[in-house]
Amino acid sequence: MDDVLPVFRLRLSLGIVWLLMATGSGFAKDLRIAEVTIATPDMLSIEIKDPNFRRGAIIELESSLPQPVGAWIAHDDTWGMVIGPERRHLRLTDTPPAELLDRAVIDKADGYRLNGRPAITSVYRKSLPYDSGFYRSSSGRSQTAAAMKHQVFLKLSHPLEPGTHTLSWPGDLFSETTFTYDPSITRALGIRSTQAGHSPEDQSKKAYLALWVPGSPSAGAIDFRSYGLARFSILDEVGSVVYSADMKLKSLPDAKEPWNGLGSPLIDYAALGERPVPVTGIETSGTSSITVPGHDFQTGERIVLQRLSGAEDAAAVFATVGAVSLETIEILDGQSALPPTVAPGATARRAYSANRAGTYVFEMDYSDWMPTQNGSYRIRVDGLGVSDVFQVSSDHWKDIGRSALGGLYNHRSGIVLDGRFGFKRPAAFVPGLNVEIAESILPLPFSSHGTLGLVPFEDAANSTWHNGKLAGADYWGGYMDAGDWDRHIVHLRVSRLFLDLLDYLPADRLRTSYGIPKSSEYLDPELYAGTDDLPDLLHEAIWTIDFFRRLQGPDGTVRGGIESAGHPMLGTASFLETLPVFTYAPDISSTYTYAAIAGSLARHLEAYGQPDLAAVYKDSASRAWDAAEAGFSDLDAFYADAVAGLVAGGYSDSDGWSEIRIKLKEEAETLRVVAASSLYRTTGELRFRTAAEERLREHWDLYLEKSDAAWDYINSSETDQGIRKTLENLFKSETALLLEAQETNTYPSMKHPYAPAGWGQGGPPDSGIAQLAMRTHMLTGDNAITGLVLETLNGLLGANQTGMSLMTGVGARQILHPLHEDHRAMGVQAPPGIIIYGWAPANAFAYGWIFGPSWSPLAEVGLTSQSQNTKVEPSRFAIPYFENLIEFPDVIIQQEYTVHQTIGPVAALAIYLDGQVDAH
């Protein structure tokens, strides 16, 4: 089955100089120079990597161990952590790098020699993690850590001439290095282009030239116009120019971005080259002020305050300087409140404002280049260097869609993953095989993973909520979410994406085989007999819908999902879960949600000649609707057990029910319309039309499932023309706002202009925005919409300021260690097809347990001998937003993902683009 996994093997030898390192005495033995690139005509950029972790593995023992889960024991010549419900498995320790780059030495400009002469005038460096692992520390506890990659910029006294050069290193860190500079072969670090490629017919093909060099003049912003660089070319496999055009300046460093989701059109950054001044006192009564002996701040300047509350305070407070005196300054416009007292180690330094790029961004638009043949190509900035190789292929977007579908397959729960999409794993969460699932009386909306957030989800299996029953043997399946094992009702958003694609795509694309399993292979073979010829996309939709069909009770109600009573334990794989596992109690909102998707599936099954299976889902949807209606008419009775649990557990008193009831009713009212619209489109029954129109004729929006309600109503056979027109205009106006935001965005993005940055708004579009784009394009045929989709996906696949693909398995430089707990626990590579959240505001991931004292994995404070080798440099708050990607799994807001927020939408959009190829 390996042939179904697309291969994106780029011909790296064209653009990268790989260097062999000497291992003799006096030279680094394990550190490696990964790549030499050109940064500017007079600046080299060299990537140096600390050694990788040597990964441990999970081993099975002959008998159970007496030690508790999580304990470290000696095993042969290493350490192993006890894991698994029977304590018969060990997760052997990872081995951290034994040798780290001496940063103080690498930064010495006078220690370099170029061609035997002292030609290096300045050294700038950016150090970020790229690899990680966990192990037993010397104190006996579990500790995570990172290995770092270092981008070293060497400013030359004169522009580099084409030809062969020799570089000697300070302190004899490395052996003498010989490299060749050729502007038509050497990779230029600042070219930000797709690492995957294009379809020849893509109407938007863009790349960017952008470089930020920490500590260099102009706050690190590089203006390539000062070097006279103005044109770019496309080179084919043999280096011939097949296209040329002028670059254009897209954005200045201080160009405002009003739709960035950050609350201000510009961002505050810590200024590099500024001496931090110790903060010794804070006064918060009246006008806030701080004591900073020896400062030279001036009224009106922006400053940044850090470590105000001590070593574990890894956040920053940006503020404006008010009145100043010899030792104190007034604090104005602080972004957050100051603590009442100051801890030792607190500092203040100057700050400045810039946009998310923090540098000059030049656009290279080659959209009018229509390649006549598939093949490998590069972008050359004339007089500088080239991009990574990218592929042009008529199957490009189909291949990207297949990779993302593989990412979904690699998150299937309850089955053995057989490696067909590059990842193998035993079956996990199979009742009676490796887990027992308790029934809980806690409904999903009451939990911390639901609407109300009243009860920590970890409590759902305790004595207050456990009813003493075990769930049935068929409570398995669905998708694992991401860094957790949960399978929630919201995952049906993925199924909805694929059901809608069946309506959007031309017939020939519906016959595409993506290599995913047929429903009869894993699900009820009798129920799904004769369905193997259905489109693969329909089988993918069925996978999760069938899971929730099996969570439907005899009374028609549907449970909100299955979850473990805690986040995964470090080192424990999903198939060795030791935490209690439970299924949520049925709730009205989940039941309406299921009714909507089951009705939609029934409609599609009828269209594909499966009347018997369609009848099963139509009946299931009808029973869900009736059960939800009954519950909606008497919320007090429906949630009586849950309310009693709230009171008994001390989560709320009986007086709080009235407010809780209002919120539950509001959520259910919305999802009732979603279900009614779907069932009306499927059945044409007047009762569903009436239920839908009661709300659709009021003020309606297109947020997530509400968009489904509007779309199903628009596409029903008989509608109120006034409501229909209003909803169609709503799709058009929302999409127009999305397109308008691109006029000021430095890089294109499908993030909704009103959505905050972070937690799924960093890079990939969520399912709601993906649906908005596809649906409006279906209504209008506006090519600007597909243009934005192309630019967004290409941005995820390398055309961004980090120069990285945010999708595992795709690209020359790709995310390696997302927050995917199985690969971390198993000691193997992450599954292909994962798309991470991406960029987020620096303060949003200022986790003290990561960037805090000396015991933290990326410690920034503590003993210099430790932190100088572990900390991100420069300061996280000095790195521009679009540069500040921390490749460490526990930076959750960046490195996590979900099947419905990232993987599913990217799969759907790529497949949608593939379906548009013949239309252009």
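Data block above holds the structure.
First, a word on scope: everything that follows refers to the structure included in this document. Fair warning: this is a prediction, and the values are worked out from it, not measured in the lab. (Residues numbered from 1 in each chain as written. Predicted model: local features only at pLDDT ≥ 70, side-chain atom pairs only at ≥ 80, totals over all residues. Heavy atoms only, no water.)

## Details of the pattern of salt bridges
Right, so step 1: Under the defined criterion, the tally for this structure stands at 63 salt bridges.
Right, so step 2: Asp 822 is the partner of Arg 425 in a salt bridge, and the nearest nitrogen-oxygen pair spans 3.9 Å. Of this pair, Arg 425 sits in strand 31 (residues 424-425) while Asp 822 is found in helix 17 (residues 821-826), placing the two residues 397 residues apart along the sequence. Comparing Arg 425 with Asp 822 shows no difference in burial state: the two are buried.
Right, so step 3: Taken together, the salt bridges that share partners define one network made up of Arg 493, Arg 496, Asp 500, Asp 503, Arg 603, Arg 681, Asp 708, Asp 712 and Arg 775. (Salt bridge = Lys/Arg side-chain N within 4 Å of Asp/Glu carboxyl O. Helix = DSSP H or I, 4+ residues; strand = E, 2+ residues; numbered from the N terminus. Buried < 20%, exposed > 50% of the residue type's maximum accessible area, 1.4 Å probe, protein only.)

## Notes on the sheet that holds strand 8 (residues 120-136)
Right, so step 1: Strand order across the open sheet formed by four strands is 1-2-9-8, with antiparallel pairing between neighbours. Every interior strand has two partners, whereas the edge strands, strand 1 (32-40) and strand 8, have only one. The mean inter-strand angle of the sheet, taken between neighbouring strand axes irrespective of direction, is 20°.
Right, so step 2: As judged from the seven bridges shared by strand 2 (residues 43-49) and strand 9 (residues 142-156), these two strands associate in the antiparallel manner. By the bridge assignment, Ile 48 is partnered in strand 9 with His 150. (Pairing = 2+ DSSP bridges. Axes fitted to C-alpha atoms, helices over the stretch in contact; angles between N-to-C directions.)

## Some points on the side chain of Asn 794
Right, so step 1: Of note, Asn 794 is situated in helix 16 (residues 783-796).
Right, so step 2: Contacts of Asn 794, omitting those with residues within four sequence positions, involve Thr 194, Gly 197, His 198, Ser 204, Trp 397 and Ala 799. (Contact = heavy atoms within 4.5 Å.)

## Details of the environment of Asn 355
Right, so step 1: As for its placement among the helices and strands, Asn 355 is situated in the loop between strand 25 (347-354) and strand 26 (361-365).
Right, so step 2: For Asn 355, a relative accessible area of 0% gives the class buried.
Right, so step 3: For the pair Asn 355 and Leu 252, spaced 103 residues apart in sequence, the C-alpha separation works out to 8.4 Å.
Right, so step 4: In contact with Asn 355, not counting residues within four places along its chain, are Ser 251, Leu 252, Pro 253, Asp 254, Ala 255, Glu 257, Leu 266, Ile 267, Tyr 269 and Thr 746.

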